[in-house]
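Results of the structural survey
Okay, here's what each chain looks like letter by letter:
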Amino acid sequence: MKPEDFPENIRSYLIPGPTGRLTYQCLGCKAVFDIKKLLYTCPDCGQVLLIDDPDADRLKAISGKMWRRIFDYRKMLSISALKGIYRYHEFLGPIMPLDAVIYLGEGHTPLVAANDRLQQQVGVPFYFKNDGQNPSASFKDRGMASALSYINYLIRAGEVSDILAVCASTGDTSAAAALYSAYLSPKVKSAVLLPHKKVTPQQLSQPLGSGATVFEIPGVFDDCMKVVEALSEKYPVALLNSKNAWRILGQESYAYEIAQDLEYDLSKKVIIVPIGNAGNITAILRGFIKFFEVGIIETLPKIIGVQSDHADPVYRYYQQPDPDQRHFQPVTVQPSVAQAAMIGNPVSMPRVIHLVDRYNTLSGDPNVFFVRVNEQQIMDWQLKACRNGHIACTHGGECLAGLVTARRLNYVADDEVAILDATAHAIKFSDFQNMYFDQAFPPEFEISPNPDLINQPILVQPSGPVPAPEKPLLGTELAQFVTTVSESIANALDLKGKPPL
Ligand SMILES: *Cc1c(COP(=O)(O)O)cnc(C)c1O
Ligand SMILES: [Zn+2]
């Protein structure tokens, strides 16, 4: 729809211009820094940053009801820059001119309801929000759209030039970083650091295909992260890890979309999210807080973070009920099928601590919970989800296993509805499915495949002549081949012949 076709009182709000100002705020010493710099940690104390809108109160001049109408009407616009995460421009990057926005089709991923069969197994209604339907097939595109739009904005403003964007990754960050950087080539080049043999072949092929320089490093993600930090301290590179506060900002869109998709009614809703480097849960907490403070939503939904017992530092931290006794301790990770979350020392932990506290205070009651699941549960629930029409990857399976665990612990009541983050597409992690079906998991995973969930292709080998490349069968040989093969398929499927007409 064209802007002139909208109701008059909406028109002036439809297409946001650059307004306001943003600053980096240090979570440690509270210092504030100019947004025109590419900063990742506080130059004074080294702590992580969040992007702050010091004049956010101006957003309250518009009622929650009016904001809801603005976002709902924006859905009908055909303006590329407003089709993705910047539908929520005023909350995600008010300083961003729309012509600097990079839109590659991210965001507005579907909420897909679980069928009756799966809901009955779990005990409550739930949805997957399919973030695997983003362009590089994971939620990381949300944060990259934000970070690269911002870099594009700085390039256009003449503040920076010839950017070399780098990141360490468990696979999906690098796929997204390389994709969005490629769109801005040659002004932006990207280099990614991956832990050798700790990403799936699909995840390795993605940055290679986008033209990034790919380095495979011995060790796990936490080791790669240390190298990237050293690089960014010594050399002029743009860091695209979730240390980059612009990534967190873009990922807030996930919360805004859930609000909008549920008609802004979040009472009795439970959001379940896997935790690795903890950027995603940070963004989700922050997104709901921002909408709540402006009155766009009236209830803060319950948030449940899930970790595998093979990489559980956040879970362990919150096991201590007394906040004054809590002490963060990084863990040494063990192999996990939730490989993108296999992180022992999450970069965003200080952000999580800060925001969980604020979220619970605003909610009036504890409203953020953490559960731990095992590798077996993650795989079994992922496979069950996919057998019921979903495209959840292992981390989506982790969320579902987390929901089942949270039900058992009474964190989720009978009348609540859960929204599970299917953070990536199942095909990115199909190697784990293969290991399950081939019963080939190395013992460290502690997974013994359930025979009922195993599925294998059936090779049909007829006794007579068979076609081969460039050697097609003809005439009776072909007819014989078709008959024997279709008979063995009918046998395998236990098909009965059609009755005569
Ligand atoms: C990155 C990632 C996670 C973990 O998210 P964090 O923000 O690091 O906590 C979970 N699942 C998938 C598929 C990911 O790519
Ligand atoms: Zn500081």
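Everything discussed here concerns the structure shown above.
Now for a quick tour of the structure.

Reading guide: rules and limits
Residues numbered from 1 in each chain as written. Chains lettered and ligands numbered in written order. Predicted model: local features only at pLDDT ≥ 70, side-chain atom pairs only at ≥ 80, totals over all residues. Heavy atoms only, no water. Axes fitted to C-alpha atoms, helices over the stretch in contact; angles between N-to-C directions. Helix = DSSP H or I, 4+ residues; strand = E, 2+ residues; numbered from the N terminus. Parallel < 35°, antiparallel > 145°, perpendicular 65-115°, else oblique. Left-handed = near helix turned anticlockwise from the far one by under 90°. Contact = heavy atoms within 4.5 Å. Nonpolar A, V, L, I, M, F, W, Y, C, P; charged D, E, K, R; others polar. Near = heavy atom within 4 Å. Polar contact = N/O pair within 3.5 Å; in protein donor to acceptor, adjacent residues only side chain to side chain. Areas by Shrake-Rupley, 256 points an atom, 1.4 Å probe, with all protein chains shown as cover. 1 Å grid on protein atoms, 1.4 Å probe; cavity = no way out; pocket = protein on both sides within 12 Å on 5 of 7 lines; lining within 4 Å. Sits in = over half its atoms within 2 Å of the grid points. Domains from an automatic or database assignment. Expected span 1.5 Å × (residues − 1). Buried < 20%, exposed > 50% of the residue type's maximum accessible area, 1.4 Å probe, protein only.

The next thing to look at is the packing of helix H10 (residues 253-261) against helix H11 (residues 279-293). In the contact formed by H10 and H11, the axes pass within 7 Å of each other and the chain directions differ by 50°. The angle between H10 and H11 places the two elements in the oblique class. The two elements H10 and H11 meet at a crossing, and its hand is right-handed. Taken together, the residues of H11 that come into contact with H10 (itself represented by Tyr254, Ala255, Tyr256, Ile258 and Ala259) are Ile284, Gly287, Phe288, Lys290 and Phe291. Looking at side-chain class alone, the contact of H10 with H11 contains 8 nonpolar, 1 polar and 1 charged residues.

Around ligand 1 sit 14 residues in total, of which Lys140, Asp172, Gly276, Asn277 and Asn280 are the nearest. Asn277 is positioned such that a nitrogen or oxygen atom in its backbone is 2.8 Å from an oxygen atom of ligand 1. Residue Asn280 places a main-chain N or O atom 2.7 Å away from an oxygen atom belonging to ligand 1. Surface burial for ligand 1 is 98%, taken as the share of its 380 Å² of free accessible area covered by protein chains. Under a 2 Å grid-point criterion requiring more than half of the atoms, the pocket assigned to ligand 1 is the largest cavity. Both domains that meet at the shell around ligand 1, namely domain 1 (111-134 + 252-453) and domain 2 (139-246), each give it at least three residues.

A few words now on helix H14 (residues 375-386). Relative to the 16 Å expected for 12 residues at 1.5 Å per residue, H14 spans 17 Å between its end C-alpha atoms, a close match to the ideal helical length. For H14, the buried fraction is high: 9 of the 12 residues fall into the buried class. Residues Glu375, Gln376, Ile378, Met379, Asp380, Trp381, Gln382, Leu383 and Ala385 constitute the buried set of H14. Where H14 is buried, its residues contact helix H4 (116-122), strand S5 (126-130), strand S11 (302-308), strand S12 (368-373), helix H15 (394-408) and helix H16 (430-437). Where H14 begins, one side-chain oxygen reaches toward the backbone nitrogen of Gln376, 3.2 Å away; that side chain belongs to Asn374.

Taken by themselves, the reported measurements are silent on function.
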